[in-house]
Protein chains: 2
Amino acid sequence: MLPSAPDRGSLQLSNLTIGVDLGGTNTRAGLLNENGEILGRGRRTTPLSEGSDAVVKGIADCVRDAAKDACVSLEDLDGVGVGAPGPLDPYEGVIISPENLQCMHGVQLKDKLEVELNVRVRVDNDANMAAYGEQWLGAGRGVDHFLCVTLGTGVGGGWVSEGRLMHGFNGNAAEVGHITVDHNGSRCPCGNYGCLERYASATAMVTWTRTRLAEEQIETILRDQDLTTKAIFDAAEAGDAFALEMFEATGTYLGIGLVSLVNVTNVEMIALAGGLAAAGDLIFEPARRVFMNRGTVGVKEHVRIVEASLGDDAGIFGAARLARE
Amino acid sequence: MLPSAPDRGSLQLSNLTIGVDLGGTNTRAGLLNENGEILGRGRRTTPLSEGSDAVVKGIADCVRDAAKDACVSLEDLDGVGVGAPGPLDPYEGVIISPENLQCMHGVQLKDKLEVELNVRVRVDNDANMAAYGEQWLGAGRGVDHFLCVTLGTGVGGGWVSEGRLMHGFNGNAAEVGHITVDHNGSRCPCGNYGCLERYASATAMVTWTRTRLAEEQIETILRDQDLTTKAIFDAAEAGDAFALEMFEATGTYLGIGLVSLVNVTNVEMIALAGGLAAAGDLIFEPARRVFMNRGTVGVKEHVRIVEASLGDDAGIFGAARLARE
């Protein structure tokens with residue numbers, strides 16, 4: 001019996017798929033049955049410096065590891081799904097130009113993996129996969145109109161409408177970090193100005209805190225510390241007024257962005273994921289308050305803003321789900 | 001032979017439906033075959049002051065007029081679709097609280113019309129119906145990911161993704177006029193601040209022009225005129241610098257809004273409808289320029305921003321299409 005596998009006697013062993021989460025640091029895979037039970041896992045370092053062939057081989061090896069872990073042959077799989085950093089083309093399964101996977105630019109990942117594994121492969125955006133996983137088995141279970149917003153280095157998103165994952169015409173739907181919050185705001189690398197990502201990502205909060213500390217005479221325990229969201233969180237928990245103010249401001253901008261997003265998507269639930277979401281009420285309280293102040297009557301009362309629940313596995317669940325479509 | 005009916009010998013006479021556009025002034029109906037050919041029409045004044053029963057009866061009479069005009073019996077219809085001002089519940093076919101149809105608040109329009117006509121009825125938002133019509137037979141023909149934005153009293157929208165009309169969880173998707181353009185902007189009746197509608201509607205342009213004329217020493221032929229978008233348009237066409245500036249500013253805000261909308265919806269075409277769209281390059285040129293300046297590489301090059309093509313009939317086409325679903 002392998003540590004990650006529950007009692008096989010009681011398990012559904014048909015409709016098996018493997019979901020892969022391809023990250024800049026690690027490649028992780030999970031073999032799931034159609035009930036969403038993880039029967040095997042694989043994990044490898046992503047060999048970025050060795051070029052795209054090594055990364056593709058690493059994914060294939062990780063898939064084989066998960067299959068072996070579950071004592072399942074690749075021939076018994078219904079498919080493999082891969083969540084990878086965007087931008088990418090989910091229709092053709094081609095990686096386009098992700099910042100943290102430079103060696104993979106232009107790689108036809110779906111085709112290469114299908115040759116390598118002899119299994120049907122689907123490739124999609126990692127933020128989409130996290131949302132699809134959360135909507136299947138996490139915070140969004142049973143919620144047909146669902147948005148998952150990840151507050152990390154950037155602000156990413158994935159979106160399910162009527163139970164279907166939304167892609168748009170070329171796979172760039174739900175780029176929720178790039179809606180305008182302030183049209184006079186600073187330029188974003190995406191080309192737009194005053195994007196939500198410039199105000200409500202973990203990176204934005206740290207940068208903004210650093211700028212204010214450099215420019216203003218503020219009394220705070222954050223001065224002379226290594227600035228991270230964790231440090232700002234700890235300071236806020238300890239009652240530091242400036243740290244509390246930074247969370248209040250970040251949550252306020254987040255709430256402003258969520259109003260726009262709901263006015264377009266009309267989702268009934270937004271799950272927040274990523275580092276900042278783990279700050280709990282410090283970020284949720286201002287975001288919910290602003291959402292209720294600015295949202296539309298008849299809609300806002302019905303929208304739940306909650307924390308995502310699957311953690312790092314969300315993308316694996318989503319990719320395994322996609323693999324059977 | 002009736003004036004609105006083409007040669008019946010060559011026409012498809014099965015799968016007939018009637019689309020109705022319920023407005024605050026007129027109720028208009030068209031009987032269509034599945035090729036989108038209009039075989040008969042009805043038009044009546046909407047009897048707002050006589051209460052909801054009269055309005056419902058007016059719709060039913062208008063449907064009968066269109067059927068009679070096409071020499072078709074109600075029993076031969078596959079359904080009736082009604083586009084009505086929102087907010088409404090498209091799932092139940094209930095009018096909620098439209099500003100310009102106060103007597104209809106809370107009316108179960110679908111159920112009442114089905115009793116009155118003994119035909120299956122669908123009710124949906126008028127902006128959705130215009131978009132659905134344009135995507136079927138107008139500017140968006142053959143475009144699977146399509147947004148129609150109406151620039152009139154407000155800024156409304158309807159949206160088709162993968163060929164499907166988007167509703168969201170309670171029928172409030174694509175409220176495109178209520179995305180934030182400036183989070184510090186003025187309050188919108190919807191509850192939000194700095195909404196696109198406050199900058200890019202016909203109403204907003206007239207209000208803004210009036211305010212600037214009152215507050216600033218501006219030399220313009222618009223001074224002492226009745227201010228309408230038509231007057232501003234005529235002045236701009238005559239080369240009036242201030243009128244040109246107002247179109248430039250309005251188009252700029254519109255472009256800023258369209259960038260946010262495409263970053264969420266990833267549509268490949270936006271059709272602009274309503275009074276301001278008729279101003280042509282005066283509004284399209286700045287909107288397209290800003291869109292190309294702020295949009296995302298890999299997306300913006302593929303997005304067409306065009307004028308809607310069906311005029312006042314768009315809603316009738318859309319409602320007739322909905323009626324067969």
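The structure presented is a predicted model; accordingly, all values stated were derived computationally and were not measured.

## Focus: the overall build of chain A
Right, on to step 1. For chain A, the helix and strand inventory stands at nine helices and twelve strands.
Right, on to step 2. Taking 325 residues into account, the globule formula puts the C-alpha radius of gyration at 20 Å, and chain A, at 20 Å, falls close to it.
Right, on to step 3. In terms of overall dimensions, chain A has C-alpha extents of about 65 × 45 × 40 Å along its principal axes.
Right, on to step 4. When burial is assessed residue by residue, chain A has 60% of its 325 residues classed as buried.
Right, on to step 5. Considering only residue pairs separated by 6 or more positions, chain A has 62% of its internal contacts joining residues 24 or more positions apart.

## Side note on the environment of Met166 of chain A
Right, on to step 1. With respect to the helices and strands, Met166 of chain A occurs in the loop between strand 10 (164-165) and helix 4 (197-200).
Right, on to step 2. Considering only alpha carbons, one finds Met166 of chain A and Gly30 of chain A, 136 residues apart in sequence, at a separation of 23 Å.
Right, on to step 3. Excluding residues within four positions of it along the chain, Met166 of chain A makes contact with Asn128, Trp159, Ser161 and Ala173 of chain A together with Trp159, Ser161 and Met166 of chain B.

## Description of the sheet that holds strand 8 (residues 146-151) of chain B
Residues and elements named next belong to chain B.
Right, on to step 1. Spatial ordering of the open sheet is given by 10-9-8-11-12, a layout of five strands whose pairing is mixed. Each edge of the sheet is formed by a strand with only one pairing partner; in this case those strands are strand 10 (164-165) and strand 12 (304-307).
Right, on to step 2. Alignment of strand 9 (residues 155-161) against strand 10, held across two bridges, turns out to be antiparallel. When the sheet's bridge partners are listed, Ser161 is paired in strand 10 with Arg164.
Right, on to step 3. Contacting strand 8, strand 9 and strand 10, helix 3 (residues 126-137) crosses the sheet at an angle of about 50° to strand 9.

## With respect to the domain arrangement of chain A
A common measure of how large an interface is: the accessible area buried when the components associate.
Residues and elements named next belong to chain A.
Right, on to step 1. Domain boundaries assigned for chain A yield domain 1 (8-132 + 313-322) and domain 2 (142-308).
Right, on to step 2. Here the C-alpha centre of domain 2 lies 28 Å away from the C-alpha centre of domain 1.
Right, on to step 3. Of the roughly 1000 Å² buried between domain 1 and domain 2, counting both surfaces, carbon and sulfur atoms make up 55%.
Right, on to step 4. The largest share of the area that domain 1 buries against domain 2 comes from Tyr91, Asn128 and Ala131, three residues that together contribute 45% of it.
Right, on to step 5. Along the contact surface separating domain 1 from domain 2 lie zero salt bridges.

## Some remarks on the pattern of salt bridges
Pairing is possible between side chains that carry opposite charge, provided their charged atoms lie close to one another.
Residues and elements named next belong to chain A.
Right, on to step 1. Per the stated rule, a full pass over the model turns up 30 salt bridges over all chains.
Right, on to step 2. Across the salt bridge formed by Lys110 and Glu114, the nearest N and O atoms sit 3.1 Å from each other. Of the two residues, Lys110 and Glu114 are both situated in helix 2 (residues 109-117); the distance of four residues between them amounts to about one turn of the helix.
Right, on to step 3. One salt-bridge network, in which partners are shared between bridges, spans Arg44, Lys57, Asp61, Arg64, Asp65 and Glu116.

## Some remarks on the packing of helix 7 (residues 241-265) of chain A against helix 8 (residues 281-294) of chain A
All names here are of chain A.
Right, on to step 1. One can describe the packing of helix 7 onto helix 8 by two numbers: an axis separation of 7 Å at closest approach and a directional angle of 45°. Classified by the interaxial angle, the pair formed by helix 7 and helix 8 is oblique. Both helix 7 and helix 8 take part in a crossing whose hand is right-handed. Residues Leu244, Phe247, Glu248, Thr250, Gly251, Thr252, Leu254, Gly255, Ile256, Leu258, Val259 and Val262 of helix 7 touch helix 8, and the partners they reach there are Leu282, Ile283, Glu285, Pro286, Ala287, Arg289, Val290, Phe291 and Arg294.
Right, on to step 2. In terms of residue class, the contact of helix 7 with helix 8 is made up of 13 nonpolar, four polar and four charged.

## A few points about the interface of chain A and chain B
Right, on to step 1. Opposite the 47 residues of chain A that make contact, chain B presents 48 residues.
Right, on to step 2. When chain A packs against chain B, the two sides together hide about 3700 Å² of surface, and 50% of this comes from carbon and sulfur.
Right, on to step 3. In terms of surface lost to chain B, no three residues of chain A exceed Phe169, His183 and Val264 of chain A, which account for 21% of the buried area on that side.
Right, on to step 4. Applying the counting criterion to the chain A and chain B interface returns two salt bridges.
Right, on to step 5. A salt bridge links Arg164 of chain A to Glu162 of chain B, with the shortest nitrogen-to-oxygen separation between them at 3.2 Å.

## Quick word on the relation of the copies chain A and chain B
Here two copies of a chain appear, and what relates them is a rotation about an axis with a shift along it.
Right, on to step 1. Each copy superposes on the other: chain A lies on chain B with an RMSD of 0.0 Å after a rotation of 180° and an axial shift of 0.0 Å. The transformation just described matches what one would write down for a two-fold rotation axis. Across chain A, the rotation axis passes nearest the C-alpha of Asp182 of chain A, at a separation of 2.4 Å.
Right, on to step 2. In this assembly the copies share their binding face: 100% of the residues contributing to the interface of chain A also contribute to that of chain B.

## Focus: the packing of aromatic side chains
Right, on to step 1. Evaluation of the coordinates by the stated rule reveals six aromatic pairs over all chains.
Right, on to step 2. Where Phe233 of chain B meets Phe247 of chain B, the ring centres are 6.5 Å apart and the plane angle is 80°; that geometry is what we call edge-to-face. Of this pair, Phe233 of chain B sits in helix 6 (residues 229-237) while Phe247 of chain B is found in helix 7 (residues 241-265), placing the two residues 14 residues apart along the sequence.
Right, on to step 3. Ring pairs connect the aromatic residues Tyr199, Trp208 and Tyr253 of chain A, which therefore count as one cluster.
Right, on to step 4. In this structure, Arg321 of chain A is placed above the aromatic ring of Tyr132 of chain A, and the distance from its NZ or CZ to the ring centre is 3.8 Å.

## A look at the environment of Ile59 of chain B
Right, on to step 1. Tracing the backbone through its elements, the reader meets Ile59 of chain B in helix 1 (residues 52-69).
Right, on to step 2. With sequence-adjacent residues up to four places away left out, Ile59 of chain B is seen in contact with Val20, Leu22, Thr27, Val82, Leu109 and Leu113 of chain B.

## Topic: the sheet that holds strand 3 (residues 38-45) of chain B
All names here are of chain B.
Right, on to step 1. Strands sit in the order 3-2-1-4-7 across an open sheet of five strands; the sheet is mixed. Two strands lie at the open edges of the sheet, namely strand 3 and strand 7 (121-125), each paired on one side alone. Taken over all neighbouring pairs, the strand axes of this sheet differ in orientation by 15° on average, direction set aside.
Right, on to step 2. Bridge count between strand 4 (residues 77-84) and strand 7: five bridges; the pairing is parallel. Bridge assignment links Val82 to a residue of strand 7, and that residue is Val123.

## So, the packing of helix 6 of chain B against helix 7 of chain B
Relative placement of two packed helices is described by the angle separating their axes and the distance separating the axes.
All names here are of chain B.
Right, on to step 1. Helix 7 packs onto helix 6 with a crossing angle of 115° between their chain directions and a minimal axis gap of 7 Å. Along this stretch, helix 6 crosses helix 7, giving a crossing that reads as left-handed. Of the residues in helix 7, those touching helix 6 at Thr229, Ile232, Phe233, Ala235 and Ala236 are Ala243, Leu244, Met246 and Phe247.
Right, on to step 2. Each residue belonging to the contact of helix 6 with helix 7 can be placed in one class, and the counts come to eight nonpolar, one polar and no charged.

## Overview of the pairing of strand 1 (residues 16-22) of chain B
Across a regular strand the side chains alternate sides, sitting on one face of the sheet and then on the other.
All names here are of chain B.
Right, on to step 1. Taken across its seven residues, strand 1 has seven buried, putting it largely inside the fold.
Right, on to step 2. Of the two faces of strand 1, both are covered, the one formed by Leu16, Ile18, Val20 and Leu22 as well as the one formed by Thr17, Gly19 and Asp21.
Right, on to step 3. Across six bridges, the pairing between strand 1 and strand 4 is parallel. Bridging from a neighbouring strand, Leu16 pairs with Leu77 of strand 4.
Right, on to step 4. Sheet topology places strand 1 next to strand 2 (residues 26-32); six bridges connect them, and they run antiparallel. Within strand 2, the position partnered with Asp21 by the bridge is Arg28.

What counts and what doesn't
Residues numbered from 1 in each chain as written. Chains lettered and ligands numbered in written order. Predicted model: local features only at pLDDT ≥ 70, side-chain atom pairs only at ≥ 80, totals over all residues. Heavy atoms only, no water. Helix = DSSP H or I, 4+ residues; strand = E, 2+ residues; numbered from the N terminus. Rg over C-alpha atoms; globule rule 2.2 N^0.38 Å. Buried < 20%, exposed > 50% of the residue type's maximum accessible area, 1.4 Å probe, protein only. Contact = heavy atoms within 4.5 Å. Pairing = 2+ DSSP bridges. Axes fitted to C-alpha atoms, helices over the stretch in contact; angles between N-to-C directions. Domains from an automatic or database assignment. Buried area = accessible area lost by both parts, 1.4 Å probe. Salt bridge = Lys/Arg side-chain N within 4 Å of Asp/Glu carboxyl O. Parallel < 35°, antiparallel > 145°, perpendicular 65-115°, else oblique. Left-handed = near helix turned anticlockwise from the far one by under 90°. Nonpolar A, V, L, I, M, F, W, Y, C, P; charged D, E, K, R; others polar. Least-squares fit on C-alpha atoms with pLDDT ≥ 70 in both. Phe/Tyr/Trp six-rings, centres within 6.5 Å; stacked < 30°, edge-to-face > 60°. Lys NZ or Arg CZ within 6 Å of the ring centre and 35° of its normal.

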